[in-house]
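Working through the structure, step by step
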Amino acid sequence: MKIELAEPYRDTERGREAESLLLPCVQCGQCTFTCPTFRLLDDEWDGPRGRIYLIKQFMEGKEPTPDMLELPAYSLSTLEGRTLSANLQLHLDRCLGCRSCETSCPQGVRYGRLLDIGRELVEKESPRPLKEKLARRALRAVVPYRYRFTALLRTGQALRRFLPDELRARIPQRRKAGSWPDRPHGRRMLIWQGCVQPGLAPDINAASARVLDRFGIRLIPASDGCCGALSHHMAETNEARAFMRKNIDALWPHIEAGAEALVLTASGCGMHFREYGQLLHDDPQYRDKAARISELTRDIAEIVAEEWKDDPLHALPAPQKPRRIVFQSSCSLQHGEKLNGVVEKLLKRAGFKLLPVRYPFMCCGSAGAYSLLQHTLSESLRERKLETLLVSRPEAIATANIGCLTHLALASPIPVSHWIELLDKTFQEADSQLRGNPEPHMNPAPANAHSLHKERPVSEAGTPRSFDKNDLSRKNKGMKTTTRIVSLFVLLMSGQWPVAALGAHPLLTEDTGTQGTGHVQLELTHDLSYTKDDSTNTRDQRINTVLSIGLTDTLDVIASLPHDRQTDRLASADTTVRGVSDMEIAAKWRFYDEGALSFALRPGLGLPTGDDDKGLSAGHVTPSLFAVMTYAGEPWTFHVHLGYTRNIHDGTDERNHIYHASVAAEYALGESLRLVGDASVENSAIRSGHPNVGSMVLGLVYSVTPNLDIDLGYRKGLTHPAADSVWLTGLAIRF
């Protein structure tokens, strides 16, 4: 395919690479009928041939016209009403990246790399709507970080029994990891932990360690975290490269110490690690190390196939009744790593009766973040995949990738497991027989296997109830419940990204972050202040309860109820007053959010609910309005807070109008610890004394989990009547 690059791409590295990738394509169409999205939507632009043509037109800067269409299969009808860049972005977003087309291409076109380049370039040309930006940023802020994701998952699991049945079924039950052998062996290999697998299925790597321990190999857990694939496939190239460099730095000491291989049990991560050398080839500092990492990357199936010797020591007894299973070969395993057939041979050798699967090249619809960002298409692909997997009435489904496992388990009526768990279980059963113990019940899946829909209705043929094929391309019809569920999960993660930029207690300055639809934050604070003048030492304790409820993604309603205990130490006696202070109800609306900068308005209303007879109430309604700005950088975050309070009163000793201004800064000392500082000034409500109240704050905020913060701070009063000193402690819980 000839291409005439437009000026922006001519004589650039990306342009030259794209040209070399496009040249081998002859538009023959052999890839089209192995493409899952083409088979689903029957639209040429949602197949690899059509996408390649759109990439070519985009890099030439030419909008497709009827006279330019090279094939009768191409039609402009589904492209009308959008620009070329918007069309390209739409159809590349719908691409799974499964690489089935690469397997079937007679010309060897590297479509996967061309897809990456197309996404990266079109992302710069076609800005996304704010809602899409927030969803994608939320995913990138939570999923690649093991502890953030696991904390979110554990919260859902803890609340699982209180949720509606349909939502409860979407949250996997917690699984135990089992024992990890630590016997000394002369041979050592690293095993990648990943970002979501330790939380979702911790026993996969533990089972791998137990299996390789039989072969005289000790598996050492490598650094946890994301391999970079999520960011890479979302066109966040710089972020992906940062993950890759970080991983190389963490792995390199082990490699220098003699680790034989980097073992992957998630084939999606394995495929990405194998491409480190290519993706960092232009980085002089890391390219050699990246190439070495790619050379050492091995799927667990490769290791077991090499080490499982055909000798009596490792032989397994023939089962009395072979267990009937099907193997779902993940796209990354068969098309990306080119390991088709390896796992199948191992499972047959272990005594399983491997049932045939129709259309084994078809994707299940997981594809990393695809199941969240394109959930309707993803669910339709899963339905089709389960039809082909269940038609032969298997007892269990085995797979080789955590994404496929979790995605299929959400809808499968039978257990879904990683194949290494089945092999480990088989070895354990064989050991039990050799020791003379009674043979346990030969369950085809380990105890930890995912099976969330045991009650799911099936047809007489053993397959799930069929779906209307005419509804596949209509995104909302018949899928409203699941869409809401997936949207709720996205929103739950979306509520996490502002956490790193909270300007809450111990600061006076507000932030622009909101909780997200249906989510709640409960904040408990304790302020202990000391003030000394000529005749009195005042000790004041204030306990405040603040409840924030997310009505929408950008709108919170807030209620606060403080309780005061004030002690005046006089020369003659101590006087203590305690009681409830005025309640405040408020709202916070984040009306602008673009990149690192966001703005919000916070109207409030103080209600005279305090103990007026004890001097703890203003005695009147107090309306207020505050404007907030947040700039969330890395590692610095800044907040600016400007406000006005209408002080309604009858006397002449108080001011009617009170203005407030404050600025705060946060510095990330690590992923979980922030140093915070604040300076504020506002008019004093009392006319006598200093006209303004000023103070400064210094504190720390520690995020125990993404949903739990604790803070400690110290506030120094600069003018009277501000307290001389205040010690601040707080706890914030989000759920």
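Residues numbered from 1 in each chain as written. Predicted model: local features only at pLDDT ≥ 70, side-chain atom pairs only at ≥ 80, totals over all residues. Heavy atoms only, no water.

**Quick look at the confidence of the model for the protein**
- On average, residues of the protein score 83 in pLDDT, and 86% of them reach the 70 mark or higher.
- Predicted confidence for residues 452–503 stays below pLDDT 50, and this span has 132 contacts to residues more than four positions away or in other chains. (pLDDT = per-residue confidence, 0-100. Contact = heavy atoms within 4.5 Å.)

**Section: the sheet that holds strand 8 (residues 416–418)**
- Pairing is parallel across the open sheet formed by four strands, whose spatial order is 6-5-7-8. What marks the edges here is a single partner per strand, and that holds for strand 6 (353–354) and strand 8.
- Strand direction decides the pairing type here: strand 5 (residues 324–328) and strand 7 (residues 396–399), joined by four bridges, are parallel. Bridging across to strand 7, Gln328 finds its partner in Thr399. (Pairing = 2+ DSSP bridges. Helix = DSSP H or I, 4+ residues; strand = E, 2+ residues; numbered from the N terminus.)

**Concerning the nonpolar core**
- Counting residues in each nonpolar core, the largest one holds 91 residues, and the members touching the most others are Leu251, Phe273, Ile293, Val304, Trp419, Ile420 and Leu423.
- A per-element tally of this core places helix 13 (residues 237–256) first, with seven residues.
- Leu5, Leu79, Ile117 and Val122 belong to the second largest nonpolar core, which has 33 residues in total. (Core = buried A, V, L, I, M, F, W, Y, C linked by side-chain atoms within 4.5 Å. Buried < 20%, exposed > 50% of the residue type's maximum accessible area, 1.4 Å probe, protein only.)

**Some remarks on a nonpolar patch on the surface**
- A contiguous nonpolar patch, built from Leu159, Phe162, Ile733 and Phe735 and spanning about 390 Å² of accessible area, is present on the exposed surface.
- Mapped onto the secondary structure, Phe735 falls in the segment after strand 21 (725–734). (Patch = residues over 30% accessible without salt bridge, like charges linked within 9 Å, V, L, I, M, F, W, Y side chains within 5 Å. Areas by Shrake-Rupley, 256 points an atom, 1.4 Å probe, with all protein chains shown as cover. Salt bridge = Lys/Arg side-chain N within 4 Å of Asp/Glu carboxyl O.)

**Points about the packing of aromatic side chains**
- Per the stated rule, a full pass over the model turns up 18 aromatic pairs.
- Their ring planes at 15° and their centres at 4.7 Å tell us that Trp45 and Tyr74 sit as a pair that is stacked. Residue Trp45 is located in the loop between helix 2 (36–41) and helix 3 (48–60), and its partner Tyr74 is located in the loop between helix 3 and helix 4 (84–93); the two are separated by 29 residues in the primary sequence.
- By relative accessible area, which is 1% here, Trp45 ends up buried.
- Judged by its relative accessible area of 5%, Tyr74 is buried.
- Geometry around Tyr359 places Arg39 over its ring, the cationic atom sitting 5.0 Å from the centre.
- Positioned over the ring face of Trp308 is Arg349, at 4.1 Å from the centre of the ring. (Phe/Tyr/Trp six-rings, centres within 6.5 Å; stacked < 30°, edge-to-face > 60°. Lys NZ or Arg CZ within 6 Å of the ring centre and 35° of its normal.)

**Some details on the pattern of salt bridges**
- One pass over the full model with this rule turns up 39 salt bridges.
- Its salt-bridge partner being Arg113, residue Glu17 comes within 2.8 Å of it at the nearest N-O pair. Within this pair, whereas Glu17 is found in helix 1 (residues 13–22), its partner Arg113 is found in helix 6 (residues 111–125), the two being separated by 96 residues in sequence. In this structure, Glu17 and Arg113 share a single accessibility class: buried.
- Among the ionic pairs, Glu239 bridges to Arg140, the shortest N-O distance being 2.9 Å. Taken together, the positions of Glu239 in helix 13 and Arg140 in helix 7 (residues 130–142) put the pair 99 residues apart, joining distant regions of the chain.
- In this structure, a network of salt bridges that share partners links the residues Arg274, Arg298, Glu302, Glu306 and Glu337.

**With respect to unusual backbone geometry**
- In this structure, the amide linkage connecting Glu634 to the following residue, Pro635, adopts the cis form with an omega of 10°.
- As for its placement among the helices and strands, Pro635 is situated in the loop between strand 15 (622–632) and strand 16 (636–646).
- Phi at Asp42 takes a positive value of approximately 55°, unusual for a residue other than glycine.
- With respect to the helices and strands, Asp42 occurs in the loop between helix 2 and helix 3.
- One non-glycine residue, Ala367, adopts positive backbone phi at about 50°.
- Turning to its location among the elements, Ala367 is positioned in the loop between strand 6 and helix 20 (370–373).
- By relative accessible area, which is 30% here, Ala367 ends up partly exposed.

**Remarks on the pairing of strand 5**
- The buried fraction of strand 5 is high, at four of five residues.
- Where strand 5 meets strand 6, two bridges bridge the pair, whose relative direction is parallel. Note on strand 6: the bridge partner recorded for Ile325 is Leu354.

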